[in-house]
Amino acid sequence: QGQGQGQGQGQGQHQSDKDHHNNCDISSNTATSMNVAKHYFLLAAEQNHARAQHDLATMIVDEYYQSERRSSSSSNYSLSLSGNAFIKNKENGEGNKIGIRDDGCEEAIYWYTLSLLQGYDEALYGIGNLFFMRGKMKTNKLRRAFDFGKAIYWLRQSAKKGLARGQMILGMALLDNARNTYGHNLYEYTNPGYNVVPEVFHWLRKSSFNGELDAGTRLKNCQNVHLKQCAFCRRSGCNLQWKKCHRCAGVSYCSVSCQKKDWECGHANDCYEDELMHSTATEGPNSIAINILD
């Protein structure tokens, strides 16, 4: 019996060692495949293929954010794949055109820029998403504001080009920027005159309409948070007959009186006409028309 137990334990240990060895082989093969892919993307990118330049930049960004070194203070390391070529081009004045600091993402911006200059619009989203992700990692409020501002600029260009992913991330960037600026409390970042929620809903709807599946889920989550209280008096409750602004469908009210007061206090500036809700929108403070929320 003791001999059988010893053999069983020995076989189990052998199988465990074998599984560990296989996992190491898989990880090694994956890393090798990635390095090979980067090599060929780099060769194509240096031959001015716009798609290859974009995909190479995206690989650099993915590697940057998957790295264990996620601290915002670690700004001296680089994930450069072609350092000599990049330095040479930068010395010729072809380097950093976007205004990002040298923190390991500069080469990604470089390749995105070259891709964009050749008319590859996907690079607009790539640049915007890079700034958005980097901003979310920052702990300093001012640095987050800088990156969010850059992200919103580039994502807005992407959204106007009809890129569904860019439209969705623009909506989330607008919301995160508002929370960073005014505070994370719902009452702080939805004050009339400074409320970005109608525009957030607008871009999430467009993104969902254009085929981005995640956008519909994000829109419903945002609606559950922002459309279950009166935008003016802040009343909330399940028994109230909530009515949405007919023009933007981005705020809700408990009464026509609150809707008119909110319009005068700043919603006139926040109201973002959404053509997906209706083909013709009635402007003005008397535009409230939609009944209960879904």
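Provided above is the structure to which this section pertains.
Within every chain, residues take consecutive numbers counted from 1 along the sequence as written. Residue-level local features of this predicted model are given only where pLDDT is at least 70; pairs of side-chain atoms are given and counted only at 80 or more, and the full residue set underlies all totals for whole chains, interfaces and linings. Hydrogens and water molecules were not included; the side-chain quantities draw on all heavy atoms of the structure.

Turning our eyes to something else, we now look at the environment of His-184. A helix here means a DSSP run of H or I that spans at least four residues, while a strand means a run of E at least two residues long, and both kinds are numbered starting from the N terminus. Its location among the elements puts His-184 in the loop between α7 (164-182) and α8 (186-189). In this analysis, two residues are considered to be in contact whenever any of their non-hydrogen atoms come within 4.5 Å of each other. In this view, His-184 contacts Arg-179 and Tyr-189; residues no more than four positions away in its chain are not counted.

To continue, consider empty space enclosed by the protein. A 1.4 Å probe that fits into a set of points on a 1 Å grid over the protein atoms alone but cannot get out defines a cavity; an open set with protein on both sides within 12 Å along at least five of seven lines defines a pocket, and lining residues are those with an atom within 4 Å of a point. Grid points are joined across faces, edges and corners, and a volume is the space filled by probe spheres set on the points. This model, assessed by the stated rule, comprises two cavities of 30 Å³ or more. Put simply, the largest cavity is a space of about 80 Å³. Leu-186, Thr-190, Asn-195, Val-197, His-226, Gln-229, Ala-231, Arg-234, Gly-250, Val-251 and Ser-252 together form the lining of the largest cavity. The nonpolar class holds Ala, Val, Leu, Ile, Met, Phe, Trp, Tyr, Cys and Pro. Asp, Glu, Lys and Arg form the charged class, and all remaining residues, Gly among them, are polar. Grouping the constituent residues of the lining of the largest cavity by class yields four nonpolar, six polar and one charged.

This next bit is on the nonpolar core. In terms of nonpolar packing, the biggest core is built from 48 residues, with Trp-111 and Leu-130 touching the most fellow members. Ranked by the residues each element gives to this core, the list is headed by α7, at eight residues. Counting eleven residues, the second largest nonpolar core, distinct from the first, contains Cys-230, Cys-248, Trp-263 and Cys-271. Take the buried residues of types Ala, Val, Leu, Ile, Met, Phe, Trp, Tyr and Cys, join any two whose side-chain atoms come within 4.5 Å, and each joined set is a nonpolar core. Only protein chains enter the accessibility calculation, which uses a 1.4 Å probe; a residue is then buried when its area is under 20% of its type maximum, exposed when over 50%, and partly exposed in between.

Our next topic: a nonpolar patch on the surface. Patch membership requires over 30% relative accessible area and the absence of a salt bridge. Like charges are linked within 9 Å, and nonpolar side chains (Val, Leu, Ile, Met, Phe, Trp, Tyr) within 5 Å. For accessible areas, the Shrake-Rupley method is used with a probe of radius 1.4 Å. Any residue's cover is judged against the shown protein chains and nothing else. By convention in these notes, a salt bridge is any Lys or Arg side-chain nitrogen within 4 Å of a carboxyl oxygen on Asp or Glu. Together, Val-36, Tyr-40 and Leu-43 make up a nonpolar patch on the protein surface, roughly 290 Å² of accessible area in all. We classify Tyr-40 as exposed; its relative accessible area is 55%.

Think of an α-helix as turning once every 3.6 residues; residues three or four places apart then point the same way. To estimate how far a helix should extend, the number of its residues minus one is multiplied by 1.5 Å. Taking 1.5 Å per residue as the helical rise, helix α4 (residues 106-117) with its twelve residues ought to reach 16 Å, and the 16 Å between its terminal C-alpha atoms agrees with that figure. Across the twelve residues of α4, ten count as buried, placing the element largely inside the fold. Every buried residue of α4 is accounted for by Glu-106, Glu-107, Ala-108, Ile-109, Tyr-110, Trp-111, Tyr-112, Thr-113, Leu-114 and Ser-115. Downstream of α4 by a residue or two, Gly-119 has a phi angle that is positive, lying close to 90 degrees.

Attention shifts here to the pattern of salt bridges. A side chain with one charge may pair with a side chain of the opposite charge, provided their charged atoms come close. By the definition in use, this model includes eight salt bridges. One salt bridge connects Asp-176 with Lys-136, and the closest N-O pair in it is separated by 3.0 Å. Note that Asp-176 is positioned in helix α7 and Lys-136 in helix α5 (residues 122-137), a separation of 40 residues in sequence. Owing to a relative accessible area of 15%, Asp-176 belongs among the buried residues under this scheme. If you follow the salt bridges from partner to partner, you end up with Arg-134, Lys-138 and Asp-147 in one network.

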